[in-house]
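# Structural characterization, general
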Amino acid sequence: MVKYTLNYFDTAGRAEAIRLMFHAAGVDFNDNRMSREEWLENKTDGKRFPLHQMPTLEVDDNVICQSSAIARFVARELGFYGNNSLEQAVIDQVCETFSDIGAELIKIIFGGNDEEAKVPEIFLIFKSIAKRSANSQKHFFTACNLST
């Protein structure tokens with residue numbers, strides 16, 4: 001049986017979608033939530049944190065870095081990454097759109113200036129991608145099942 005250990009801070013952030021997939025699939029994993037102090041003590045551990053950043057996912061003796069790479073790996077492993085290449089492309093499109101929206105929200109929160117004016121534009125982007133989903137009436141972006 002595969003042993004998964006997810007390393008991240010004791011907050012939702014970039015690891016929450018990964019945690020949710022494990023829970024939705026009913027797959028046991030070690031949710032290693034680190035305090036800031038623990039992170040500072042462990043950050044230089046090149047085996048567990050090759051890029052000296054989190055999240056990382058330990059899969060037996062292998063380590064995967066970068067939240068998007070981890071999320072896609074877990075989605076493939078647990079059956080949440082679509083049934084064919086086209087569904088996977090739709091999932092990737094939705095994930096990248098959320099990434100773009102997140103980047104814009106960070107600018108709004110920390111940027112000052114007239115960044116607030118972009119809020120309606122951000123929601124239009126999401127509305128557009130939701131409309132493009134052939135199965136949006138079923139509340140899923142692909143087929144009739146949960147995906148990343």
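Our subject is the structure listed above.
These numbers were taken from a predicted model, which means no experiment stands behind them. (Residues numbered from 1 in each chain as written. Predicted model: local features only at pLDDT ≥ 70, side-chain atom pairs only at ≥ 80, totals over all residues. Heavy atoms only, no water.)

## Quick word on the overall build of the protein chain
- On a plain count of helices and strands, the protein chain comes out with five helices and four strands.
- Put simply, the protein chain has 148 residues, and 31% of those count as buried.
- Within the protein chain, contacts between residues separated by at least 24 positions form 49% of all contacts whose residues are at least 6 apart in sequence.
- Carbon and sulfur atoms make up 54% of the accessible area of the protein chain, which amounts to about 9300 Å² in all. (Helix = DSSP H or I, 4+ residues; strand = E, 2+ residues; numbered from the N terminus. Buried < 20%, exposed > 50% of the residue type's maximum accessible area, 1.4 Å probe, protein only. Contact = heavy atoms within 4.5 Å. Areas by Shrake-Rupley, 256 points an atom, 1.4 Å probe, with all protein chains shown as cover.)

## Digging into the packing of helix α1 (residues 16-25) against helix α3 (residues 67-78)
- Relative to each other, α1 and α3 sit at 10°, their axes nearing to 9 Å. One element, α1, and the other, α3, form an angle in the roughly parallel class. For the pair α1 and α3, the contacting residues are I18, M21, F22 and A25 in the first and S67, I70, A71, V74, A75 and L78 in the second.
- Its residues assigned to classes, the contact of α1 with α3 comprises nine nonpolar, one polar and no charged. (Axes fitted to C-alpha atoms, helices over the stretch in contact; angles between N-to-C directions. Parallel < 35°, antiparallel > 145°, perpendicular 65-115°, else oblique. Nonpolar A, V, L, I, M, F, W, Y, C, P; charged D, E, K, R; others polar.)

## Observations concerning the side chain of S67
- Within the secondary structure, S67 sits in helix α3.
- Note on S67: relative accessible area 12%, which makes it buried.

Purely geometric numbers; function is a separate question.
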